[in-house]
Amino acid sequence: MNKKQKLLVVEDEDDIRELIAFNLEMSNMEVFKAKNGEEAIEIAEREYPDIIILDVMLPGIDGFEVCRYLKKNVATRDVPIIMLTARAEDTDVVKGLEIGADDYITKPFSPRILIARVHAAMRRKNETGTEPAAQRHFKIHDIIIDLPRHEVFARGEFVNLSATEFAILKFLASNPGWVFSRSQIIDAVKGGNYPVTPRSVDVQILGIRKKLGSQGRFIETVRGVGYRIQAE
Ligand code: CA
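Residues numbered from 1 in each chain as written. Predicted model: local features only at pLDDT ≥ 70, side-chain atom pairs only at ≥ 80, totals over all residues. Heavy atoms only, no water.

Caption draft 1: Just the packing of helix α6 (residues 163-173) against helix α8 (residues 198-212), in detail. Where α6 contacts α8, the two axes come as close as 10 Å, and the packing angle between them is 85 degrees. Taken together, the axes of α6 and α8 are roughly perpendicular relative to one another. Facing α6, whose interface residues are T164, E165, I168, L169 and L172, α8 presents Q204, I205, G207, I208, K211 and L212. Considered class by class, the residues forming the contact of α6 with α8 number 6 nonpolar, 3 polar and 2 charged. (Axes fitted to C-alpha atoms, helices over the stretch in contact; angles between N-to-C directions. Helix = DSSP H or I, 4+ residues; strand = E, 2+ residues; numbered from the N terminus. Parallel < 35°, antiparallel > 145°, perpendicular 65-115°, else oblique. Contact = heavy atoms within 4.5 Å. Nonpolar A, V, L, I, M, F, W, Y, C, P; charged D, E, K, R; others polar.)

This is the structure in structure tokens:
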């Protein structure tokens, strides 16, 4: 028989904590509950859960502090953390990802979404082993690129990029300061839904710059060569 996965849910609101606990027990997990940040840290260090669902708004030390602490601690840093945020507040989401949270769910949420996200986080953990969260989202200038979710935030604001735009930005951002020709960019992003031509690379770059707002200036044209994202 498979060992039950351990889940820690941290939430001071009884109704929400019990709802989460109930649903995850039903999906055959062993659930530990904490009402505040101090309890959360104590249980995390004692039980070494497989996953943590962590509310941002807690009395005393808040969810961000708990996340920061657990992600610094060698014993707990590889435990996936899903943050619960009260609203779809981009700033909360960005802050959570910056300090190492693996995913987030905004309230109100349905149990179905919750369970799906928990399973997705477990799957990622099993696939990537102990790959730190830092390798799954990275920051350059004031741009955050969240690789598993294919999401980008510029100056804390969500940026709605197409799949091709995302692929180009990710490619440039993974090698800051390096200049890539249009054909290198095409090679890096092919596999998209339509053929990318040198001319369409220019169009995509224009689109990315525009959508990134003030951060767009960091994507530079190198005349006669191609494009690069400015190194920090
Ligand atoms: Ca709360």
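So that's the structure; there's more coming.
Caption draft 2: Structural view of the coordination of the calcium ion. Taken together, E11 (OE), D12 (OD), D55 (OD) and M57 (O) make up the full set of protein donors to the calcium ion, lying 2.1 to 2.5 Å away. Binding-site remark: the calcium ion is held by donors from one chain whose sequence spacing is E-D-x42-D-x1-M. With E11 in the loop between β1 (5-10) and α1 (14-26) and D55 in strand β3 (residues 51-55), this pair connects stretches of sequence that are 44 residues apart. For the pair formed by E11 and D55, the shared burial category is buried. (Donors = N, O, S within 2.8 Å, 3.2 Å for Na, K, Ca; no water. Buried < 20%, exposed > 50% of the residue type's maximum accessible area, 1.4 Å probe, protein only.)

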